[in-house]
2 protein chains.
Amino acid sequence: MTSPTPARRSRRTDALSADAIIDAAIAVLDAEGEEALTFRALSAALETGPGAIYHHLASKQEILVAAAQRLVVDVLAEVPSDLDAENGIREVMLAFFDLFGAHPWVGTQLSREPWQAALLEMFEVIGSHLDALGVEERYQFTAASSLLNFVLGVAGQHASATRLARDLDRSAFLRDIADGWKDEATAASHPFSRQMADQLTQHDDRQQYIDGIDFILAGITAVAVDSPASNRAIESPS
Amino acid sequence: MTSPTPARRSRRTDALSADAIIDAAIAVLDAEGEEALTFRALSAALETGPGAIYHHLASKQEILVAAAQRLVVDVLAEVPSDLDAENGIREVMLAFFDLFGAHPWVGTQLSREPWQAALLEMFEVIGSHLDALGVEERYQFTAASSLLNFVLGVAGQHASATRLARDLDRSAFLRDIADGWKDEATAASHPFSRQMADQLTQHDDRQQYIDGIDFILAGITAVAVDSPASNRAIESPS
DNA sequence: ACCTGAACACCGTTCAAGT
DNA sequence: ACCTGAACACCGTTCAAGT
């Protein structure tokens, strides 16, 4: 598992750098999950001592912020840019969803520091697409924040589900929860959830995410895209 | 700060119980923040040893889950129940927002375990209101999840903002971030955010939350409330 | 300037021993 | 049965000492 070539137990040849540390951190997080990222594990992977890392990044938090930003920037670079506004925003939102699937720890990280680097990237790309979509300027901040908050909620749930169900398979995990909703005492006080229990086990996360985006975009379009008469007005800020 | 009556340094008279532990945990979390909740602090407040707590609750996570559920149940009990469907859902969503304002640590907690007790309460009340609002059954699961995910995103951001800005006042904190968005290098690659920088410092969190709810409800109403012809259909699950 | 790694000041959790 | 609190196995971070 460690030391692939123990014979050549040489010192690191290339100098340590913030980028190298972030690379190693992403590798550990992806392979072994959030709680496996410790300074001891990271410095072992980098063949150095824990103190050395602090010469390049000031804290664990800073490493996580940078790692999340790296992935967000990378994934956005791969989204085709020749799409119309409507398809553009959908593709970008889906890119985020798939990012959380591939790197669930990002979902935890994004809620750990407000307006961190990765969030700025997400806010920027969402907002510029909304502008292209014709959302009036006075609604742009709120509309972009709404989509961002929805994405962050999904990301957080995804991360915690993955953390908890690392061994258990997904359907068994959902079945357990649905069984809890069907429990007599719970069902009596929670009739709506009881009714939804079967949908919980069957639902497709990705499709549900798409449908959620559709709700929000439909609302934004109805309220905030310039049109002669919108009968559902919300207060404009300022 | 500790030992209010050091003379009468008696053993606890009432027996320790899960409820008493949860009470004490909420008090510590509210007064001193998330990272102040340790078994040492908690057992000191309860005048017992750290091990005693484990006889009633199995882990720190279990304490946090129960504490969050307690607050959600309490706050929902105070929401007037004689409102029509439209006002009912808005009041419930606002009650959540105000809960996160009064107890920011809840926002972190809700993303820590998937479908935990507090989330079931939230899902249930949101869903039953959507049902009353006339949302078709095949859309109810997705619609309730969308609102829930939005709320969770807001809650997480709120929690992390509070954690970071415990000393700093809010407007100074936002001004710092907005200044970052106005930084020449950042602004060049993030024109949308540059444009929004002033709105960031001026915006009202609560109003923005209300506006976000309005977007989502408008979308749900347009798509999922029974009406002869809706021209924006989303795929129905199953 | 950069790296090293032992040491520090904590955690959550366990467990032998008490009542 | 319930409680006690020292001990265990960790953390993130610091810092004197090396190169």
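Reading guide: rules and limits
Residues numbered from 1 in each chain as written. Chains lettered and ligands numbered in written order. Predicted model: local features only at pLDDT ≥ 70, side-chain atom pairs only at ≥ 80, totals over all residues. Heavy atoms only, no water. Helix = DSSP H or I, 4+ residues; strand = E, 2+ residues; numbered from the N terminus. Buried < 20%, exposed > 50% of the residue type's maximum accessible area, 1.4 Å probe, protein only. Contact = heavy atoms within 4.5 Å. Areas by Shrake-Rupley, 256 points an atom, 1.4 Å probe, with all protein chains shown as cover. Core = buried A, V, L, I, M, F, W, Y, C linked by side-chain atoms within 4.5 Å. Near = heavy atom within 4 Å. Polar contact = N/O pair within 3.5 Å; in protein donor to acceptor, adjacent residues only side chain to side chain. Axes fitted to C-alpha atoms, helices over the stretch in contact; angles between N-to-C directions. Parallel < 35°, antiparallel > 145°, perpendicular 65-115°, else oblique.

Draft legend 1. Spotlight on the overall build of chain A. Within chain A one finds twelve helices and zero strands. From first element to last, N terminus to C terminus, chain A shows the α and β order α-α-α-α-α-α-α-α-α-α-α-α. Each of the 238 residues in chain A was classed as buried or not, and the buried ones make up 50%. The long-range share in chain A, meaning contacts at least 24 apart out of those at least 6 apart in sequence, stands at 68%. When the accessible area of chain A is evaluated, it comes to approximately 11,300 Å², of which 50% is carbon and sulfur surface.

Draft legend 2. Focus on the environment of M196 of chain B. Among the secondary structure elements, M196 of chain B is positioned in helix 11 (residues 191–202). Residue M196 of chain B is classed as buried on the basis of its relative accessible area of 0%. Taking the C-alpha atoms as reference, M196 of chain B lies 8.7 Å from W181 of chain B; in sequence the two are 15 residues apart. When sequence neighbours within four positions are dropped, the list of residues in contact with M196 of chain B reads F123, E137, Q140 and F141 of chain A together with W181 of chain B.

Draft legend 3. Spotlight on the nonpolar core. In terms of nonpolar packing, the biggest core is built from 158 residues, with F96 of chain A together with F96 of chain B touching the most fellow members. Every residue in contact with F96 of chain A, bar those within four places of it in the chain, is listed here: V72, L76, M122, V125, I126, V151 and Y209 of chain A.

Draft legend 4. Focus on the protein's contact with DNA strand C. Around DNA strand C sit 18 residues in total, of which T48, H55 and H56 of chain A together with R40 and K60 of chain B are the nearest. When atoms of DNA strand C within 4 Å of the protein are sorted by moiety, sugar and phosphate together comprise 47%. Here a base nitrogen of DNA strand C and a side-chain polar atom of H55 of chain A are 3.4 Å apart. Secondary-structure elements contributing two or more residues to the surface near DNA strand C are helix 3 (50–53) of chain A together with helix 2 (39–45) of chain B.

Draft legend 5. Local environment of the packing of helix 11 (residues 191–202) of chain A against helix 8 (residues 137–164) of chain B. Axis separation between helix 11 of chain A and helix 8 of chain B bottoms out at 10 Å; the angle between their running directions is 90°. On the basis of the axis angle, helix 11 of chain A is roughly perpendicular to helix 8 of chain B. Of the residues in helix 8 of chain B, those touching helix 11 of chain A at F192, Q195, M196, Q199 and L200 of chain A are E137, R138, Q140, F141 and A144 of chain B.

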